[in-house]
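Structure at a glance
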Amino acid sequence: MSAPAQDRLAHVKLGTYYVVPLAESDDFEGWRDQARRLLMADAPPDRVAWTEPGGSAGDLFTHGDRRLPTPPDDAPQPRVSRRFMDIAKTVILHSDPERFFILYRTLWRLQTRPRLIEDAADGDIRKLADMARAVRRDIHKMRAFLRFRETKDEDGTEHYIAWFEPFHHILRHNAGFFVRRFANMRWSILTPRGALHWDGEVLREGPSATRADAPTGDDAEELWRGYYASIFNPARLKIGAMMKEMPRKYWKNMPEAQMIPELVAGAQAREATMVKAGEIDMGERPETLVAIEKAIHACARCPIGELDNTAVMGEGPRGAPLMIVGEQPGDQEDRQGRPFVGPAGQLLDVHLEKAGIDRATAYVTNTVKHFKFTAKTTQRGKRRIHQSPKAKEIDICRWWVESERAIVRPKLVLALGASAARGMLGKTVSITKARGVAHPLDDGSELWVTAHPSYLLRLDGAAREEQQRLFDADLAAVAKRLSELTDA
Amino acid sequence: MAQKPILDRLKILADAAKYDASCASSGTSKRDSRGGKGIGSTEGMGICHAYAPDGRCISLLKVLMTNHCIFDCHYCINRKSSNVERARFTPQEVADLTIAFYKRNYIEGLFLSSGIVKSSDHTMEQLVEAARILREEHDFRGYIHLKTIPEADPEIIHRAGLYADRVSINVELPTDAGLNRLAPDKNAGQIDGAMGRMGSDITEAVDARKRFRHAPRFAPAGQSTQMIVGADGASDTDIVTRASSLYGRHALRRIYYSAFSPIPDASAVLPLKRPPLIREHRLYQSDWLMRFYGYSPQEVGQAAGADGMLPLDIDPKLAWALKFREEFPVDVNRASREMLLRVPGLGTRAVGQILSARRHRRLRLDDVAKMTVSLTKVRPFLVAADWRPTLLTDRADLKTLIAPPQDRQLELFAA
């Protein structure tokens with residue numbers, strides 16, 4: 001190796017390290033000015049050590065040259081895209097001590113490959129993009145998760161103070177956001193990396209603080225925790241999704257986060273209660289008519305079952321092709337314990353006979369199993385006045401009539417009146433609209449709907465005649481359809 | 001009647017509001033509290049101030065004015081015939097609570113809805129009054145979302161738009177038949193009419209502000225709506241079709257899907273079982289496909305099965321790609337943005353990066369791997385400088401290769 005070549009190598013090997021101290025950790029202007037100067041002096045990235053206040057990197061380079069090289073007079077002005085500068089402004093705020101170095105190396109490379117910045121597959125570009133994303137996320141999370149606590153200053157003014165621990169050097173960057181949002185409020189943000197104080201007009205910076213400098217509580221926090229616990233839907237626990245957006249590291253300064261473990265632990269129990277409240281527990285579906293009869297006598301799942309009355313079971317042969325469903329037992333039925341034996345039942349019998357339907361071959365029952373009434377004292381003594389069951393009560397009692405239907409398996413169900421129709425269909429229909437046609441039921445059988453005979457009893461004159469005619473027509477249609485179904 | 005303490009009422013009325021899926025606070029006009037008397041700012045992007053264990057963002061104070069209601073909608077916890085505990089706030093209380101929470105940086109603003117008390121007009125007046133107190137008395141410049149009641153007087157609804165950033169009217173159920181059956185007091189025509197009026201009011205206000213600088217703002221964050229999924233028999237195709245027609249006709253910003261969840265004191269007409277939560281997720285994915293990926297509703301429909309339901313085990317984009325394999329593989333170095341967006345596993349961001357990076361190099365599979373999360377999913381549908389899927393794209397068991405059956409995973413989602 002020739003002597004001059006050896007000289008050149010020695011120069012490179014022992015060449016100067018430039019140590020570049022920055023005034024602040026988020027000192028973008030300082031970094032930019034020094035970087036420009038180093039570029040113009042042709043100082044390669046691995047010869048430059050960047051240091052920041054409080055950083056440990058400084059000690060390693062105590063031998064480095066703090067005097068920066070003077071660029072030659074004819075050195076060209078470095079050029080760089082706006083896009084790189086925008087990324088650099090954000091990346092400077094990152095807490096990684098390497099950031100200055102990677103930025104300078106990228107800047108160096110951009111001088112010969114200006115469009116490198118567009119190459120998302122390049123290692124440096126990716127690293128910068130990742131750092132910028134982490135910083136933006138921290139900025140955003142500070143705006144989101146910082147919590148103020150109210151105190152009173154000596155002059156009686158409300159003063160809102162927050163303690164927050166950012167992961168990057170974002171405090172100063174975020175000041176504008178809090179000023180714009182809380183312009184007319186006195187507030188302070190305390191962090192381990194410095195503090196901000198706003199009095200409604202002027203923003204001041206303060207020294208780094210500790211948690212002990214901040215207030216420990218606020219009366220509104222109880223309300224906020226109450227809100228947090230109530231707005232959460234225990235039926236859809238998605239802890240992963242929560243942790244992704246609100247990692248545990250932020251929890252310690254958020255008043256609501258301390259409730260998370262108990263909310264999660266209690267969620268399944270709460271959901272079970274929610275479902276339970278909706279699903280009145282009817283137990284196992286009974287498999288025999290005898291079992292149903294036994295069960296309805298004990299049933300008090302709606303208030304009707306708690307009145308002074310007796311459950312009335314349906315009657316008729318198992319396997320009957322026709323099931324006739326009424327509304328609920330009346331006074332007579334309740335006393336005798338049999339369906340359709342009172343005035344309405346007698347009227348029904350007359351019309352069934354007219355239509356050629358033998359009641360003995362049908363299974364006759366009610367939607368609601370107990371008699372709902374109010375006791376009233378009249379001149380003729382104490383009387384029990386019929387009350388229509390409410391939709392909710394019908395919906396609860398559906399269980400029993402559906403159980404009967406599952407055992408009897410009729411080919412055709414005739415519902416008398418709106419309550420019976422609701423009991424079979426689960427929704428309220430108008431008799432006028434629903435009568436005269438078959439409504440398919442889920443097991444392949446069909447439902448026909450007509451008026452309740454007690455409705456006919458309440459009418460007189462022409463109206464009664466008209467309704468009787470319609471009633472007879474409905475029964476005749478049922479009889480015809482029934483013979484088609486049983487012949488098939 | 002003695003009022004319960006405010007904490008108890010807040011719990012009841014927040015609990016009652018949790019079935020509303022939306023908590024968004026983004027997309028409104030930019031403003032802040034400098035030069036005013038009060039507090040509040042909006043800077044385009046909304047902020048989620050907390051996340052609940054159900055994974056949902058808490059951005060707004062979302063409460064009902066009252067959960068008393070004269071309507072009897074089967075799917076709703078607050079319906080007349082339900083036995084839930086009732087409570088109410090005054091407009092002043094709602095405004096004060098909003099300010100107290102906002103000052104402590106808990107929220108971005110208010111999302112106020114209500115059960116119907118006395119009449120639709122009266123209820124709507126109450127909602128508007130709370131917004132008026134916030135805007136006029138507190139000079140509050142944060143976000144306000146008002147749920148509007150389609151049955152109320154259009155004049156009152158119009159005032160809601162003057163105070164609120166966003167207004168919403170729920171279509172409730174994807175089909176009119178479902179609405180008739182489960183919400184007997186509501187009327188599809190009325191809901192549609194109110195959305196239409198709101199849509200044209202918004203368009204007019206935008207137009208007026210372009211011409212007159214001081215024209216009043218009107219719901220600058222637009223209108224949105226919500227559909228309940230799984231309470232009636234509507235298929236995913238029904239829902240997607242309905243959604244696209246709503247986006248088209250009423251200039252909606254967002255449609256929210258809320259998987260019907262079992263509610264206390266549920267009506268017997270409803271299924272007791274909730275639909276899988278993943279179904280709601282798939283619907284959102286299909287919504288995204290239509291809004292950001294250039295899919296038509298018909299194409300989303302093609303991804304669904306014969307029963308009109310989107311597959312639950314794979315996302316709709318992958319389902320579409322598996323059905324239309326003749327469109328693939330796509331050359332990552334030459335294909336158009338439109339085609340790249342159809343590649344399963346490539347999102348809008350990855351496609352943007354690919355388009356930019358490929359001007360500098362012929363992309364290899366490794367390069368693509370750096371821009372996407374799931375190379376397994378991408379591989380069969382892409383050609384790169386060093387990669388050609390050859391027979392892989394046409395393999396009959398491709399679905400199993402990319403998305404091995406994972407019963408556990410579905411369960412985790414549902415948990």
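Conventions used here
Residues numbered from 1 in each chain as written. Chains lettered and ligands numbered in written order. Predicted model: local features only at pLDDT ≥ 70, side-chain atom pairs only at ≥ 80, totals over all residues. Heavy atoms only, no water. Helix = DSSP H or I, 4+ residues; strand = E, 2+ residues; numbered from the N terminus. Buried < 20%, exposed > 50% of the residue type's maximum accessible area, 1.4 Å probe, protein only. Contact = heavy atoms within 4.5 Å. Areas by Shrake-Rupley, 256 points an atom, 1.4 Å probe, with all protein chains shown as cover. Lys, Arg positive; Asp, Glu negative; His and termini not counted. Charge placed at Lys NZ, Arg CZ, Asp CG, Glu CD. Disulfide = S-S within 2.5 Å. Salt bridge = Lys/Arg side-chain N within 4 Å of Asp/Glu carboxyl O. Buried area = accessible area lost by both parts, 1.4 Å probe. Polar contact = N/O pair within 3.5 Å; in protein donor to acceptor, adjacent residues only side chain to side chain. Pairing = 2+ DSSP bridges. Axes fitted to C-alpha atoms, helices over the stretch in contact; angles between N-to-C directions. Domains from an automatic or database assignment.

The subject of this paragraph is the overall build of chain B. Across its full length, chain B carries 16 helices and 10 strands. Oriented by its inertia axes, the alpha-carbon framework of chain B measures out at about 75 × 55 × 35 Å. By residue count, 59% of the 415 residues in chain B fall in the buried class. Once local pairs closer than 6 in sequence are excluded, the contacts in chain B between residues at least 24 apart make up 67%. In the form shown here, chain B has an accessible surface area of approximately 16,600 Å², with 52% of it arising from carbon and sulfur atoms. The centroid of the 59 positive side-chain charges in chain B is displaced by 5 Å from the centroid of its 49 negative side-chain charges.

What the rule picks out here adds up to 1 disulfide over all chains. At a sulfur-sulfur separation of 2.3 Å, the disulfide partner of B:Cys48 is B:Cys57. Here the S-S torsion is close to -95 degrees, and the disulfide linking B:Cys48 with B:Cys57 is therefore left-handed. Classification of B:Cys57 as partly exposed rests on a relative accessible area of 22%. Of all cysteine sulfurs, the one in A:Cys302 lies closest to A:Cys397, which takes part in no disulfide; the gap is 6.0 Å.

Here we come to the pattern of salt bridges. Tallied over the entire structure, the rule returns 67 salt bridges over all chains. B:Glu299 is the salt-bridge partner of B:Arg342, the closest N and O atoms lying 3.0 Å from each other. With B:Arg342 in the loop between helix H11 (337-340) and helix H12 (348-357) and B:Glu299 in helix H9 (residues 297-303), the pair connects residues that are 43 residues apart, well separated along the chain. Each member of the pair B:Arg342 and B:Glu299 is classed as buried. Shared partners join several salt bridges into a network, and the residues in it are A:Glu24, A:Asp26, A:Arg172 and A:Glu205.

Contact with chain A, which involves 71 residues of that partner, is made by 71 residues of chain B. Carbon and sulfur atoms make up 56% of the surface buried where chain A meets chain B, a total of about 6,100 Å² over both sides. If you sort the residues of chain A by the area they bury against chain B, A:Arg181, A:Tyr227 and A:Arg236 come out on top, with a joint share of 14%. Across the contact surface, chain A and chain B share 7 salt bridges. The closest approach of N and O atoms between B:Arg361 and A:Asp119, which form a salt bridge, is 2.3 Å. Linking chain A with chain B are 31 residue pairs in polar contact (both at pLDDT 80 or more), by the criterion used here. Contributions of two or more residues to the side of chain A that touches chain B are made by helix H6 (123-145), strand E3 (148-152), strand E4 (158-163), helix H7 (171-181), helix H8 (220-231), helix H9 (239-245), helix H10 (260-278) and helix H14 (391-408) of chain A. Considering every element that reaches the side of chain A that touches chain B, the biggest residue donor is H8(A), with 10 residues.

Take the environment of A:Ile231 next. Tracing the sequence through the fold places A:Ile231 in helix H8. Overall, the relative accessible area of 7% leaves A:Ile231 in the buried class. Residues A:Ile231 and A:Val19, 212 residues apart in the sequence, show an inter-C-alpha distance of 55 Å. In this structure, A:Ile231 is in contact with B:Ala14, B:Ala17, B:Lys18, B:Asp54, B:Arg56, B:Ile58 and B:Lys62, ignoring residues within four places of it in sequence.

Another aspect to go through is the side chain of B:Ser168. Residues and elements named next belong to chain B. Mapped onto the elements, Ser168 comes out in strand E6 (residues 166-168). Take Ser168: its relative accessible area is 2%, and that puts it in the buried class. Within the structure, the side chain of Ser168 is placed 2.7 Å from the side chain of His145, a separation counted as a polar contact.

Residues and elements named next belong to chain A. The strand order E9-E8-E12-E14-E13 describes an open sheet built from 5 strands, whose pairing is mixed. Each having just a single partner strand, strand E9 (363-366) and strand E13 (439-440) make up the two edges of the open sheet. Two elements, strand E8 (residues 322-326) and E9, share 4 bridges in a ladder whose sense is parallel. When the sheet's bridge partners are listed, Met323 is paired in E9 with Tyr363. With respect to the sheet, H14 is in contact with E8, E9 and strand E12 (412-416), its orientation differing from that of E9 by roughly 165 degrees. Helix H15 (residues 417-425) contacts E8, E12, E13 and strand E14 (446-450) of the sheet and is inclined by roughly 140 degrees relative to E12.

Okay, the domain arrangement of chain B next. Parsing chain B into structural domains produces domain 1 (6-275) and domain 2 (316-414). Between the C-alpha centres of domain 1 of chain B and domain 2 of chain B there is a distance of 38 Å.

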